[in-house]
Each structure stands twice: as C-alpha cells, then as structure tokens.
Amino acid sequence: MHGRQSGHGGRRHGRPAHRRDRGVAWAGAGHRHRCRHGRLCPRPRGRCRRRCRRSARSAADGSARLAAALRQPRTHVIDLPDPDATATLGARIGAVLARSEGGMAIALSGELGAGKTALARAVLRALGHTGAVASPSYTLVEPYAVAGRMFHHLDLYRLGDPEELEFLGIREIDPARDWLCVEWADRGAGFLPSMDATIELQYHEPGRRARVSAHSAAGERLLAALENAT
Ligand SMILES: Nc1ncnc2c1ncn2[C@@H]1O[C@H](COP(=O)(O)OP(=O)(O)OP(=O)(O)O)[C@@H](O)[C@H]1O
Ligand SMILES: [Mg+2]
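In this text, all values refer to a predicted model and were calculated from it rather than measured experimentally. (Residues numbered from 1 in each chain as written. Chains lettered and ligands numbered in written order. Predicted model: local features only at pLDDT ≥ 70, side-chain atom pairs only at ≥ 80, totals over all residues.)

Caption draft 1: Geometry of the overall build of the protein. Helix and strand counts for the protein stand at five helices and nine strands. Starting at the N terminus, the α and β elements of the protein follow one another as α-β-β-α-β-α-β-α-β-β-β-β-β-α. Taking all 230 residues of the protein together, 30% fall into the buried category. Of the contacts made within the protein by residues no fewer than 6 positions apart, 58% connect residues no fewer than 24 positions apart. (Helix = DSSP H or I, 4+ residues; strand = E, 2+ residues; numbered from the N terminus. Buried ≥ 20, exposed ≤ 12 C-beta atoms within 10 Å, placed from the backbone. Contact = placed C-beta atoms within 7 Å.)

Caption draft 2: Main features of the environment of Leu89. Along the chain, Leu89 falls in helix α3 (residues 83-99). Placed 33 residues apart in sequence, Leu89 and Ala122 show a C-alpha to C-alpha distance of 7.9 Å. The residues touching Leu89, leaving out its near neighbours within four places in the chain, are Ile78, Leu80, Leu119 and Ala210.

Caption draft 3: The arrangement of the pairing of strand β8 (residues 197-204) in detail. Relative to β8, strand β4 (residues 104-110) runs parallel, the two being bridged by five bridges. Residue Ile106 lies in a different strand from β8, and its bridge partner there is Ala197. Summarising the sheet, β8 and strand β9 (residues 207-214) pair through eight bridges and their orientation is antiparallel. Along β9, the bridge assignment pairs Leu201 with Ala210. In this structure, the hairpin formed by β8 and β9 is closed by a connection of two residues. (Pairing = 2+ DSSP bridges.)

Caption draft 4: Region of interest: the site of ligand 1. Leu80, Gly115, Lys116, Thr117 and Gly207 are the nearest of the 19 residues found near ligand 1. Among the elements of the structure, α3, α4 (116-126) and β9 are those that each provide at least two residues to the shell around ligand 1. Grouping the constituent residues of the shell around ligand 1 by class yields six nonpolar, eight polar and five charged. (Near = placed C-beta within 6 Å. Nonpolar A, V, L, I, M, F, W, Y, C, P; charged D, E, K, R; others polar.)

Caption draft 5: Looking closely at the sheet that holds β4. Strand order across the open sheet formed by seven strands is β3-β9-β8-β4-β7-β6-β5, with mixed pairing between neighbours. The open sheet terminates on both sides in strands that have one partner only, identified here as β3 (75-80) and β5 (141-146). Between one strand and the next, the sheet's axes are offset by a mean angle of 20°, whatever the strand orientation. Of the strand pairs in this sheet, strand β6 (residues 149-155) and strand β7 (residues 179-183) are connected by five bridges, and their pairing is parallel. Looking at β7, one finds that Phe151 is bridged to Trp179. The strands that helix α5 (residues 217-229) touches are β3, β4, β8 and β9; relative to β9, the one it contacts most, it runs at about 140°. (Axes fitted to C-alpha atoms, helices over the stretch in contact; angles between N-to-C directions.)

Listed below in structure tokens is the structure:
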C-alpha cells in the first residue's frame, strides 16, 4: 500500500487527499491566526473559511434587510388636530381620485371612532356627492354614482366571513375604474381587490394622526400628492 502521496495529500503542496486529513493538516500552530472577526482560525490565512462563511452570512443578512426595506411601503404622516383637518385630507384625496384615470382602492384602518367614515365622507363630498353619506356599519357596502364613476364605501367590521362579500356584490366592483374606500379591510382579506394605499387613522392628541402608505403605482401617486400638499 502507498502512504500519503506527496503533491496530492500534503498540505504544503496541495489539497489533502482525504477530507478527514484536512483538519489535521490545518491544525498546525504555524497557521493559526486571528481572522478579522477576532476568532482563532486554524486554517491558513488565505483559506480562512470561517471568515468567508461569516462574511457571506453578513452579506446575506444585508441583502435580506435591503429586500425587507424595499418591501416596506413608503409612508407619510399627517397630523389631523380637528375634524376640519380630516375633511381637508378627504378633499385632497378626492381631488387625486378625480384626476386619476384608473380606479383606486384605499383601505381605511384604525380603531372604532378613529374617523374612517368622516374621511370617506369628505372624499365623496370632494368628488361632488351632495347627498347624505351614511356609515355602512350595517349595510356593509354603500355604492355611490359620482363624477361619472362608482364609489364603493365598505365597512367590514360586522362581516362574519370574507366569503359573504360574494353576496354583497363584490364582483360588480371594477377595480380598473371604480373607487373604493374600505373600513376594516383586513376582515375581507382574499375577497377584496388589492389595495393601492392604506390610510391608518390613530388617536393623537388633540385629534387624530393619519399614516398614509402606498402599495402600488396609483398609491404612490396619491402619496406624492399628499406629501406635496402638506
Ligand atoms: N381629526 C379629528 N379630530 C377629532 N375628531 C375627529 C377627527 N376626525 C374625525 N373626528 C371625529 O371622530 C368621530 C368618529 O368618526 P367616524 O365615525 O368617522 O369613525 P370611524 O373610524 O368610522 O368609526 P367606526 O370604526 O365605528 O366606523 C366623529 O365624531 C368625527 O367627527
Ligand atoms: Mg366608520
């Protein structure tokens, strides 16, 4: 039988012949060094895998963080100290909707009484609706024909099951052309058109605070218009 062949298995002249041998080959004290992460590395400097693996891991973490940051919707915060400020925000949103060629779906989120219906009412007024705007708390859906299009105001707080939306005429909504303002949109998840923007209303002394996030190009246009106006 041959012993370990020089030039194949020897550490000095190339790769060890067997995986098992590598640890032994690199365990020589002459090669131990601290890599830049401060670990004592048994491998020759140029072959410090621990360092490479660790660097690769931190690079992967970095890209994951970047991807997560890109997935995060862009947000704009607007303080609404009184109901008039909510009406002004609604008027600005209405002006953007009136200019948009396509439809727009906006989720209005926030606790009970946060001002979601007040905001939807102001949007409708800005679009030219002059009649009453009742809260859809019990009807769940209130359709309005306004400015030559359909505006659907939904409040899904009392929706038992998202599938019930099928019986409420959700299929008649044309997301390419209609406007939608949906309170408690999370309760209709999976049965609603995708939302272009979310406006989260929070209680914030002395009134409310709106946090606008965009989820699509149309949502981005709305966000940009609100950023420019406030
Ligand atoms: N910026 C504001 N500051 C103070 N009060 C406000 C503001 N905006 C709206 N409100 C008031 O909040 C009250 C509740 O509003 P609204 O009915 O629209 O809430 P909502 O979020 O639709 O509640 P629900 O979840 O029950 O449907 C109204 O009296 C309204 O005038
Ligand atoms: Mg409401």
